[in-house]
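# Architecture at a glance
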Amino acid sequence: MRRIILGLTAAMMLVAACGSSNDDATAEAVGDDSGAATADGTTTDGALRSEAPAAPGFDRSGAEVDAAAPGGDGAESTQSEIGLRAGSVDDNETWEAYLRYREAFALLGIPVDDLPVDGRRIITVTDEDGLPVLDAVVRIRGGDGAETTLRTGSDGRAVFLAPVGALDDQQSSPTFTATASHGASTATRELGSEPNQTIVLDGVEHDRAVRLDVLFLVDATGSMGDEIERLKANMVGVAEKIAASDAAPDVRFALTSYRDTSDDYVARTVDFTADVGSFVGSLRGLVADGGGDTPEALNEAFAQAVSEPRWRTDEDVVRLVFLIADAPPHIGRGQSYVTSIASAAGSGIRVFPIASSGTDDQAEYVLRQIAQATLGRFVFLSYGADGAALGSASNIDDEAYDVLALDDLVVRLVEEQLAPLVSR
């Protein structure tokens, strides 16, 4: 039955893709030296991107690898030699494709926590000169009196997802009132049904300092054992490169690792520190163990990562989480990840999930929910110990993307978040 459903899912995606525009069908590329991706899945140098998971002896981009490479055979040994590589997509930028993915996933009947996106609005807060305002607090009130609090990122954006039932009584033109504030500057406007809304604040004083809090949220169960050492090496490299970047940020790092209820710990956090050496030491001590069943304590760990570390809240700060996982949470146990999404969005925390190899349909869907609702990007290893990094219902293989070394990709994503501050 599952094969029949997956066949229908694939057919549905194909029909939808044929009737969509290139903008909707193509994920934003993260370039590498092999050429820029185009909408038909080719690169500018004429190479065709593979749409299938990597087979033994090939990587996900279709390049042949040496099965006799030192350290073992096939793609896994080459991965050890080359290091982890990854691609990424922004579901908010390819919105129609993301909606088709959600519809196709719904056919599988796999349980997840509901996060409606029908009323999605991207709210951008700028000053009178059009510059984005970091850490503007946006309070949105609906007709029922319910209030949602958001905080903008460095690009001045926040994403508003109307609460469940909020659209039911507002027909085709749902109305919400949004009040944005930063320091002494305040402005209020009515939000209609347009997907993109802008609020302009007068008299904003921008802080020239570049402050950055980065937390790594890592699944440390046994299923991550085949990649945890390579991931640790990548994270160490990321921390060092960020600290030494041209933006010269005032940066702090934290780490939350998690396993499951039957293990020696469920989730534990090393709080923020500006001492890169100390943080690297914490990373090096991370060991994969435990787990057992497929779901892990992601609900508990995500809630802890948002609430327990001492995130800077009284300054203009870029706040990022890199969530590295290959399994979904226990649906219905602990605080739902949907609640933690709301907490993260209210605190101005953007989450960039990194799907490790073996990620199934349920896990991918949850990770993409988290990324979309916090204005992060969904990152996925382009090949891993088991080949495919994504679930069989994913539509990412039908879209064009380029791959990059994982640490370079993560550093690039961080630099993109800092760019609006550096250019002021």
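Residues numbered from 1 in each chain as written. Predicted model: local features only at pLDDT ≥ 70, side-chain atom pairs only at ≥ 80, totals over all residues. Heavy atoms only, no water.

## Remarks on the side chain of D113
Applied cut-off: The helix and strand labels rest on DSSP assignments: H or I over at least four residues marks a helix, E over at least two residues marks a strand, and numbering proceeds from the N terminus. Partly exposed residues are those whose accessible area sits between 20% and 50% of the maximum for their type, while under 20% is buried and over 50% is exposed, using a 1.4 Å probe and protein chains only. Working convention for charge: Lys and Arg count positive, Asp and Glu count negative, and His plus the chain ends are omitted. For salt bridges, the criterion is a side-chain nitrogen of Lys or Arg within 4 Å of an Asp or Glu carboxyl oxygen. The contact criterion used throughout is that any non-hydrogen atoms of two residues lie within 4.5 Å.
The topology assignment puts D113 in the loop between α4 (95–106) and β2 (121–127). As a buried residue without a salt bridge, D113 has its nearest oppositely charged side chain in R333, at a separation of 11 Å. In contact with D113, not counting residues within four places along its chain, are I331, S336, Y337, V338 and Q369.

## Brief notes about the environment of D135
Tracing the backbone shows D135 in the loop between β2 and β3 (137–141). With 20 residues separating them in the primary sequence, D135 and D155 have C-alpha atoms 9.7 Å apart.

## Let's talk about the pattern of salt bridges
Throughout the structure, instances matching the rule amount to 19 salt bridges. The partner of R368 in a salt bridge is D91, and the shortest N-O contact between them spans 2.8 Å. On the criterion of sequence distance, the pair formed by R368 in helix α9 (residues 361–373) and D91 in the loop between β1 (85–89) and α4 is long-range, its members being 277 residues apart. Considered together, R368 and D91 belong to a single accessibility category, that of buried residues. One salt bridge connects R312 with D250, and the closest N-O pair in it is separated by 2.9 Å. Here R312, found in the loop between α7 (298–307) and β12 (318–325), pairs with D250, found in strand β10 (residues 250–258); they are 62 residues apart in sequence, far enough to count as distant. Taking the relative accessible area as the measure of exposure, R312 reaches 10% and is therefore buried. Here the salt bridges do not stand alone but share partners, grouping D213, D250, R252 and R312 into one network.

## Focus on the pairing of β12
The cut-off we apply is this: Paired strands are those between which DSSP finds at least two bridges.
For β12, the buried fraction is high: eight of the eight residues fall into the buried class. Across the two faces of β12 the burial is the same, with V318, L320, F322 and I324 and R319, V321, L323 and A325 all buried. The pairing of strand β9 (residues 211–219) with β12 spans seven bridges and is classified as parallel. In the sheet register, L215 faces β12, and the bridge partner there is V321. Relative to strand β13 (residues 349–355), β12 runs parallel, the two sharing seven bridges.

## Topic: the packing of aromatic side chains
Here is the rule we go by: Stacked, edge-to-face and tilted are the three classes for Phe, Tyr and Trp ring pairs, Trp counted by its six-membered ring, which pair at centre distances within 6.5 Å; planes under 30 degrees apart are stacked, over 60 edge-to-face, the rest tilted. Two conditions define a charge located above a ring, namely a distance within 6 Å from the ring centre to NZ of Lys or CZ of Arg, and an angle within 35 degrees of the ring normal.
Throughout the structure, instances matching the rule amount to 11 aromatic pairs. Aromatic side chains Y101 and Y365 sit 5.8 Å apart centroid to centroid with 35° between the ring planes, which places their arrangement in the tilted category. Taken as a pair, Y101 in helix α4 and Y365 in helix α9 lie far apart in primary sequence, 264 residues in all. The class for Y101 is buried, based on a relative accessible area of 1%. The ring of W95 carries R120 above its face, with NZ or CZ at 3.8 Å from the centroid. In this arrangement the basic side chain of R268 is found over the ring face of Y265, its NZ or CZ atom lying 3.9 Å from the centre.

## Brief notes about α9
Threshold: The span one expects for a helix is its residue count, reduced by one, times 1.5 Å. Contacts described as polar in this section are N or O atom pairs within 3.5 Å, which, within protein, must combine one atom able to donate a hydrogen with one able to accept it, while residues neighboring in sequence count only if both atoms come from side chains.
Compared with the 18 Å implied by 1.5 Å per residue over 13 residues, the 18 Å span of α9 between its first and last C-alpha is a close match. Counting buried residues along α9, 13 of its 13 residues qualify, which places the element largely inside the surrounding structure. A side-chain oxygen of the first residue of α9 lies 3.3 Å from the backbone nitrogen of Q362; this N-cap is D360. Downstream of α9 by one or two residues, L375 has phi in the positive range, about 65°.

## Topic: the packing of α7 against helix α8 (residues 337–346)
Any two packed helices are characterised by how steeply their axes cross, that is the angle between the axes, and by the distance between the axes. We count it as follows: Think of each axis as a best-fit line through the C-alpha atoms, taken over the contacting stretch in the case of a helix, with angles from 0 to 180 degrees between the N-to-C directions. Angular relationships are summarised with four words: roughly parallel below 35 degrees, roughly antiparallel beyond 145, roughly perpendicular across 65 to 115, and oblique for the angles in between. In a left-handed crossing the near helix is turned counterclockwise from the far helix by less than a right angle, and in a right-handed crossing that turn is clockwise. Under the grouping applied here, Gly and all other residues not named as nonpolar or charged are polar, the nonpolar ones being Ala, Val, Leu, Ile, Met, Phe, Trp, Tyr, Cys and Pro and the charged ones Asp, Glu, Lys and Arg.
As a packed pair, α7 and α8 sit with axes 9 Å apart at the nearest point and diverge in direction by 15°. In terms of axis orientation, α7 runs roughly parallel to α8. Considering how the two elements wind past one another, α7 and α8 form a crossing that is left-handed. Facing α7, whose interface residues are N299, F302, A303 and V306, α8 presents Y337, S340, I341, S343 and A344. Looking at side-chain class alone, the contact of α7 with α8 contains six nonpolar, three polar and no charged residues.

Honestly, that's just the spatial picture; any functional story needs more than this.
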